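# Examining the three-dimensional arrangement
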Amino acid sequence: MELPCWCLLLLSCLQSLSAHNDFFTSIGQMTDLLYTEKDLVTSLKDYIRAEENKLERVKRWADKLDLLTATATQDPEGFLGHPVNAFKLMKRLNTEWGDLESLVLSDTTDGFISNLTIQRQYFPTDEDQTGAAKALLRLQDTYRLDANTISTGDLPGVKHKSPMTVEDCYELGKIAYSDVDYYHTELWMAQALRQLDQGEESTLDKVTVLDYLSYAIYQQGEIERALEYTKRLLELDPEHQRAKGNLKYFEFQLEKQKKAAEDDAEKQKERGKRETTEKKKPKKKVSNHLIPERKKYEMLCRGEGIRMTPRRQSRLFCRYYDNNHNPKYVLSPVKQQDEWDRPYIVRYLDIISDKEIEKVKQLAKPRLRRATVHDPQTGKLATAHYRVSKSAWLTGYEDPMIDKINQRIEDLTGLEMETAEELQKDEPDAFKELGTGNRIATWLFYMSDVSAGGATVFPDVGAAVWPQKGSAVFWYNLFASGEGDYSTRHAACPVLVGNKWVSNKWIHERGQEWRRPCGLNETE
């Protein structure tokens, strides 16, 4: 009996730090990094205070000697005629200047450097930085956000607005460039250039940005625009060797394209004389069914393309539910509402308490690991760039509260929990090894509200279910006949703003024979 808890991108899930932990997949670990950085800032301030104290002592010494030497050099013989002055000069040069040298050479960085060295083993890697950048680009594409909106931090539901600097935009563009993603390279280099044009101070210059920008545009086939930016670059740096070479090449390519276009126009003109004019057929409207699945997924994540007619909507209801007079719920039925009709998806409101949610999180945090997907080429489970989440598995014997939650699911669904998944399997045929059949149904707890994004979408039917803390959604993955209901294929949308915690229970076929009898046809 298990309650698997898996968390999606930007989730609030905490885990003890260790090197190479895929920080970008979990806000929890990034939360730990905030505290690490705060500790480093405190250590840095201690170092600054120590340096300031040292410099203050050196300054006092310098001021004192400046005044003394100014007086002494006006009448050197008279000054040294005083035996005390002669003694003190010997003492200063023999002893005190040596003490000053030791003071200047004293290392006040020990505490800070030592702390930094210890903490550095927990720092994110280049992979983490690249992963975080690609996650941001994915959000940009999924939710159709322009670079300026992201750069200004003007996102829906955001509490802590955080603008991006020129360097931030440039870094995103560079990561996209390294990934041969010239589309996003252009977007972010153009944003960096825009902010430089607006007068933002930066260590970067326009020449560097324009160099990347013109090349990214050229790689997308827009030679004329690439030429314009190259000319602008050369206005700023006339001796830029690569730009000078590119200028000649782009001009040559444009001339070549112009000549080819003229030849094509001539051929078209000749062909037009021989052919009769035909009436053009009107373009057919693209059916929703012909939209690529990825596009449907992204549309649903944005709340677009949801296929629920008013007539079907009118047949969705909410009710108090006791699952055929289950003794536990006769006097206190739960709130149930219909989310979708085909496939039938229901939501249970206020079905898990805040106390239970915190307990599940507490148990899951130490064992969260990067979620994996089945690799069809190797037949093994592997991490994937598009699934940046972390998961953990919790069994009923670990805490009585988990057992209590499992029993609640059984009482409300009427399905046997003994055959539900107890272990997370690394093999692709994990169901077969369990000997419990396929997953007959899915129960999904939402354990946090999400400011923006994070929906669970069903692309085949155009359905979207949005997170609501304390609620759970339930649906059958198989028809009563045991055949798969492919309309329940679903995916999680990336979280745009906020944190998302979910936990799910996968219920298997075996043990349900008397609880959900087989249907007489495949789709029943």
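Look up a bit, the structure's there.
Note that this is a predicted model, so its numbers are computed, not measured. Residue indices follow the written sequence of each chain, beginning from 1 at its first position. Totals for whole chains, interfaces and linings use every residue, but because this is a predicted model, local features are given only for residues with pLDDT of at least 70 and side-chain atom pairs only at 80 or more, for both listing and counting. Note that the side-chain values use all heavy atoms of the structure and ignore hydrogens as well as water.

### Comments concerning the packing of helix H8 (residues 182–197) against helix H9 (residues 206–219)
For the record, the criterion: Angles run from 0 to 180 degrees between N-to-C directions of axes, and those axes are lines fitted to C-alpha atoms, restricted for helices to the stretch in contact. Numbering of helices and strands runs from the N terminus; a helix is a DSSP stretch of H or I covering at least four residues, while a strand is a stretch of E covering at least two. With respect to orientation, any angle under 35 degrees is reported as roughly parallel, any angle over 145 as roughly antiparallel, any angle of 65 to 115 as roughly perpendicular, and every other angle as oblique. Handedness of a crossing follows from how the near helix is turned relative to the far one, being left-handed for an anticlockwise turn of less than a right angle and right-handed for a clockwise one. In what follows, a contact means two residues having at least one pair of non-hydrogen atoms within 4.5 Å. Throughout this entry, Asp, Glu, Lys and Arg are counted as charged residues, while Ala, Val, Leu, Ile, Met, Phe, Trp, Tyr, Cys and Pro are counted as nonpolar. The remaining residues, Gly among them, count as polar.
Viewed as axis vectors pointing N to C, H8 and H9 meet at an angle of 150°, and their least axial separation amounts to 9 Å. One way to sum up the angle between H8 and H9 is to call them roughly antiparallel. Crossing hand, H8 versus H9: left-handed. Of H9, the residues touching H8 (which contributes Tyr-182, Thr-185, Glu-186, Met-189, Ala-190, Ala-192, Leu-193, Leu-196 and Asp-197) are Lys-206, Val-209, Leu-210, Tyr-212, Leu-213, Tyr-215, Ala-216, Ile-217 and Gln-219. Each residue belonging to the contact of H8 with H9 can be placed in one class, and the counts come to 13 nonpolar, two polar and three charged.

### Digging into the packing of helix H5 (residues 126–142) against helix H7 (residues 166–178)
Orientation of H5 relative to H7, taken along the N-to-C sense of each, is 95°, at an axis distance of 10 Å. Classified by the angle between their axes, H5 and H7 sit roughly perpendicular to one another. Taking contact as the criterion, the partners of Gln-129, Thr-130, Ala-133, Leu-136 and Leu-137 in H5 are, on H7, Glu-171, Leu-172, Ile-175 and Ala-176. Among the residues forming the contact of H5 with H7, the class breakdown is six nonpolar, two polar and one charged.

### Points about the state of the cysteines
Quick reminder of the rule: In plain terms, two cysteine sulfur atoms within 2.5 Å form what is called a disulfide here. Working definition: with a 1.4 Å probe on protein chains only, accessible area under 20% of the residue-type maximum means buried, over 50% means exposed, and in between means partly exposed.
All told, the structure shown has one disulfide when counted by the stated rule. The disulfide partner of Cys-301 is Cys-493, and the gap between their sulfur atoms is 2.0 Å. Residues Cys-301 and Cys-493 are joined through a disulfide that is left-handed, its torsion about the S-S bond being -90°. Of this pair, Cys-301 sits in helix H12 (residues 293–301) while Cys-493 sits in the loop between strand S14 (491–492) and strand S15 (495–497); the two residues are 192 residues apart in sequence, bridging distant segments of the chain. Owing to a relative accessible area of 2%, Cys-301 belongs among the buried residues under this scheme. Judged by its relative accessible area of 1%, Cys-493 falls in the buried class.

### Examining H12
All of the buried residues along H12 are Lys-296, Tyr-297, Glu-298, Leu-300 and Cys-301. Of the surrounding elements, those touching the buried residues of H12 are H5, strand S11 (456–458), strand S12 (463–465) and S14.

### Side note on the sheet that holds S12
This is how it is decided: We treat two strands as partners when DSSP finds at least two bridges between them.
Within the open sheet, the three strands sit side by side as S12-S11-S14. Their pairing is antiparallel. A single partner strand is all that each edge strand has here, and the edge strands are S12 and S14. Note that S11 and S12 share three bridges and pair antiparallel. Looking at the pairing, Thr-456 lines up with Val-465 of S12.

### Comments concerning H7
Let me state the cut-off plainly: Given a helix with a known number of residues, its expected span is that number minus one, times 1.5 Å.
In a regular helix each residue adds 1.5 Å, so 13 residues correspond to 18 Å; H7 covers 18 Å between its end C-alpha atoms and thus fits that length. Along H7, the residues that are buried comprise Val-166, Cys-169, Tyr-170, Leu-172, Gly-173, Ile-175 and Ala-176. Contacts made by the buried residues of H7 are with H5, helix H6 (147–152), H8 and H9. Where H7 terminates, the next one or two residues include Val-180, which has phi positive at roughly 55°.

### With respect to the pattern of salt bridges
Close approach of charged atoms allows side chains with opposite charge to pair. What counts, and what does not: For this document, the term salt bridge refers to a Lys or Arg side-chain nitrogen within 4 Å of an Asp or Glu carboxyl oxygen.
All chains considered together, the criterion is met by 29 salt bridges. Its salt-bridge partner being Asp-179, residue Lys-134 comes within 3.5 Å of it at the nearest N-O pair. Taken as a pair, Lys-134 in helix H5 and Asp-179 in the loop between H7 and H8 lie far apart in primary sequence, 45 residues in all. Asp-341 is the salt-bridge partner of Arg-342, the closest N and O atoms lying 3.8 Å from each other. Its relative accessible area of 55% is what places Arg-342 among the exposed residues. When salt bridges with common partners are traced through the structure, they connect Glu-186, Glu-222 and Arg-225 into a single cluster.

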